[in-house]
Amino acid sequence: MRTTELVDGFRHSAPYVNAHRGKTFVVMLGGEALAHSQFRGILNDVALLHSLGIEVVLVYGARPQIDAGLKAAGIEPVYHNGIRITDEESLKIIKQVAGATQFDITARLSMSLGNTPMQNAQINVVSGNFVIAQPLGVDDGVDFCLSGKVRRIDAQGLRRQLDNNGIVLMGPIAASVTGESFNLTAEEVATQVAIKLKADKIIGFSDTNGLIDSNGEVIAELMPDDIEEMLKTMSEDDHTSVGKMAFLKASVEACRRGVPRCHLVSYLDDGALLQELFSREGIGTQIVTQSAERLRRATIGDIGGILNLIRPLEEQGILVRRSREQLEMEIEQFMLVERDNLVIGCAALYPFEEDNAGEFACLVVHPDYRDADRGSILLNNIIGQARVRGYSRLFALTTRSIHWFLEHGFNIVDVEELPNKKKQLYNYQRRSKILALDL
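Residues numbered from 1 in each chain as written. Predicted model: local features only at pLDDT ≥ 70, side-chain atom pairs only at ≥ 80, totals over all residues. Heavy atoms only, no water.

Here we look at the overall build of the protein
In step 1: If you tally the helices and strands in the protein, you get 15 helices and 23 strands.
In step 2: For the protein, the spread of C-alpha atoms along the three principal axes comes to 75 × 65 × 45 Å.
In step 3: Here the protein holds 439 residues, and 47% of them are scored as buried.
In step 4: Here the protein displays about 21800 Å² of accessible surface, and carbon together with sulfur accounts for 48% of that area.
In step 5: For the protein, the centre of its 46 positive side-chain charges and the centre of its 58 negative side-chain charges are spaced 6 Å apart. (Helix = DSSP H or I, 4+ residues; strand = E, 2+ residues; numbered from the N terminus. Buried < 20%, exposed > 50% of the residue type's maximum accessible area, 1.4 Å probe, protein only. Areas by Shrake-Rupley, 256 points an atom, 1.4 Å probe, with all protein chains shown as cover. Lys, Arg positive; Asp, Glu negative; His and termini not counted. Charge placed at Lys NZ, Arg CZ, Asp CG, Glu CD.)

Side note on the pairing of strand E21 (residues 393-398)
In step 1: Sheet topology note: the strand E20 (residues 357-365)/E21 ladder contains three bridges and is parallel. From the neighbouring strand, Gly358 faces E21, where its bridge partner is Leu394. (Pairing = 2+ DSSP bridges.)

Some remarks on empty space enclosed by the protein
In step 1: If you walk through the whole model with that rule in mind, you get one cavity of 30 Å³ or more.
In step 2: Within this model, the largest cavity holds a volume of roughly 40 Å³.
In step 3: Every residue along the wall of the largest cavity is listed here: Met28, Glu187, Ala190, Thr191, Ile202, Phe247, Ala250, Ser251 and Cys262.
In step 4: Only helix H7 (186-197) and helix H9 (242-256) provide two or more residues apiece to the lining of the largest cavity.
In step 5: Here the residues of the lining of the largest cavity are counted per class, giving six nonpolar, two polar and one charged. (1 Å grid on protein atoms, 1.4 Å probe; cavity = no way out; pocket = protein on both sides within 12 Å on 5 of 7 lines; lining within 4 Å. Points joined across faces, edges and corners; volume = space filled by probe spheres on them. Nonpolar A, V, L, I, M, F, W, Y, C, P; charged D, E, K, R; others polar.)

Here we look at the nonpolar core
In step 1: In terms of nonpolar packing, the biggest core is built from 43 residues, with Val26, Val57, Val59, Met170 and Val193 touching the most fellow members.
In step 2: Ranked by residues supplied to this core, first place goes to H7 with seven residues.
In step 3: Once residues within four sequence positions are removed from consideration, Met170 is found in contact with Val57, Leu58, Val59, Tyr60, Phe130, Val131, Leu158, Val189 and Val193.
In step 4: With 31 residues, the next largest nonpolar core counts Ile42, Leu49, Val265 and Ile283 among its residues. (Core = buried A, V, L, I, M, F, W, Y, C linked by side-chain atoms within 4.5 Å. Contact = heavy atoms within 4.5 Å.)

Some points on the packing of aromatic side chains
In step 1: Scanning the entire structure with this criterion turns up five aromatic pairs.
In step 2: For the pair Trp404 and Phe405, a centre-to-centre distance of 5.1 Å together with 90 degrees between the ring planes defines the contact as edge-to-face.
In step 3: On the accessibility criterion, Phe405 (5% relative accessible area) is buried.
In step 4: Where Tyr426 meets Tyr428, the ring centres are 4.8 Å apart and the plane angle is 85 degrees; that geometry is what we call edge-to-face.
In step 5: Look at Tyr426 and you get buried, because its relative accessible area is 12%.
In step 6: Judged by relative accessible area, Tyr428 falls into the exposed class, the value being 56%.
In step 7: Ring pairs connect the aromatic residues Phe360, Trp404, Phe405 and Phe410, which therefore count as one cluster. (Phe/Tyr/Trp six-rings, centres within 6.5 Å; stacked < 30°, edge-to-face > 60°.)

Overview of the confidence of the model for the protein
In step 1: Per-residue confidence for the protein averages 87 on the pLDDT scale, and 93% of its residues sit at or above 70.
In step 2: When mean pLDDT is taken per element in the protein, strand E2 (residues 55-60) scores highest with 96 and helix H1 (residues 3-20) scores lowest with 76. (pLDDT = per-residue confidence, 0-100.)

Observations concerning the environment of Glu180
In step 1: Looking at where Glu180 falls in the secondary structure, it is placed in the loop between strand E11 (173-176) and strand E12 (181-183).
In step 2: Taking the relative accessible area as the measure of exposure, Glu180 reaches 40% and is therefore partly exposed.
In step 3: Residues Glu180 and Leu109, 71 residues apart in the sequence, show an inter-C-alpha distance of 29 Å.
In step 4: Excluding anything up to four places from it in sequence, Glu180 contacts Leu146, Ala174 and Ala175.
In step 5: Here Thr178 takes part through its side chain, which lies 3.2 Å from a polar atom of the side chain of Glu180. (Polar contact = N/O pair within 3.5 Å; in protein donor to acceptor, adjacent residues only side chain to side chain.)

What about the sheet that holds strand E6 (residues 131-135)?
In step 1: Here four strands make up an open sheet; going across it, the order is E9-E6-E11-E12 and the pairing mixed. For this open sheet the edge positions go to strand E9 (148-153) and E12, each flanked by a neighbour on one side alone. Averaged over all adjacent pairs, the angle separating strand axes in this sheet is 50 degrees, with direction ignored.
In step 2: Summarising the sheet, E6 and E9 pair through five bridges and their orientation is antiparallel. (Axes fitted to C-alpha atoms, helices over the stretch in contact; angles between N-to-C directions.)

Here it is in structure tokens:
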């Protein structure tokens with residue numbers, strides 16, 4: 001490479017280095033990538049990401065290695081609807097394969113990485129019980145036995161390790177609350193970890209640089225709906241595409257639950273990961289969140305959407321019931337989060353001008369969209385409005401979300417601290433907690 005090319009490349013990558021520093025990436029390495037000769041180069045690049053200030057969770061799979069281990073033990077791999085059925089004998093082999101893979105990755109990340117950009121770097125690789133599993137159970141009369149799914153992610157524990165400058169390494173085996181071990185898919189582990197950590201990206205690998213169009217060109221960017229259409233044409237009988245299909249399905253779920261971008265690059269090409277992340281054009285396919293959400297003030301035409309959002313909570317007694325007529329009179333107090341013309345979140349600011357205060361009320365986020373902290377977005381908007389109006393205090397009443405408000409700076413106060421008009425309306429039977437935020 002000529003000096004000018006080196007300098008140009010370094011200069012062009014600098015904005016991406018700055019943009020990615022401090023971000024959280026979940027990197028998913030399938031068994032196919034682990035078996036390829038480029039595996040060591042990929043780990044070197046993962047270590048390089050870590051050195052640039054990127055927080056990395058590395059999730060590994062071992063599908064082909066497990067199949068080979070089972071066959072060597074005389075056990076024929078059995079699948080139902082694309083999911084492995086794991087009996088006790090199979091799980092013994094799977095544990096051996098997964099454990100050996102974990103130690104191999106740890107050893108490679110722990111070596112001095114001589115003759116690489118990471119020579120003499122010290123990397124802490126951390127593994128642990130960050131995933132709690134549960135059994136998949138029975139489907140169509142088929143018992144999945146010891147095949148499981150994610151029940152819970154210890155996001156706080158993961159965050160502590162990342163904050164301590166470690167690379168977290170996670171595999172497809174996890175324990176349950178009863179002490180049993182279950183075989184999970186790496187794709188589900190990566191997806192759930194990314195969602196709970198509110199990661200900025202999930203990165204996966206396949207035998208091609210992303211998805212290829214009919215002209216043989218890489219498709220640079222797709223949305224989840226596009227991916228779902230493409231999956232309909234992909235055959236699960238094609239073993240070379242099983243891992244790719246699993247990652248694409250995981251990407252759809254991740255994007256729809258708050259992960260902004262998922263990238264698919266090739267494990268065959270040296271440096272594909274770096275080219276994707278640190279160049280203008282990229283090299284693979286990225287799956288991005290669907291059309292941008294809007295935060296806006298509600299109008300009379302939003303009454304139906306707000307009612308659909310709040311009715312289930314009203315029926316559970318979590319929210320005080322509001323009639324359509326009441327909403328029509330109060331509609332100007334509401335802010336909405338809208339996505340694809342669907343109201344997925346709302347909150348209201350009720351004024352108490354005589355007490356120089358406002359009430360933060362009717363905060364609701366659709367159950368399918370609660371992982372991207374939209375409630376905090378609505379709260380911050382309401383706080384901004386209250387400050388513009390010159391209010392000195394914002395208060396809220398709740399029966400279920402006390403800790404959420406405390407985490408956002410509110411304090412519990414007595415009924416006597418409510419504005420006079422609100423104090424007269426306070427329902428002592430509901431016994432709502434009163435929280436206040438000084439502005």
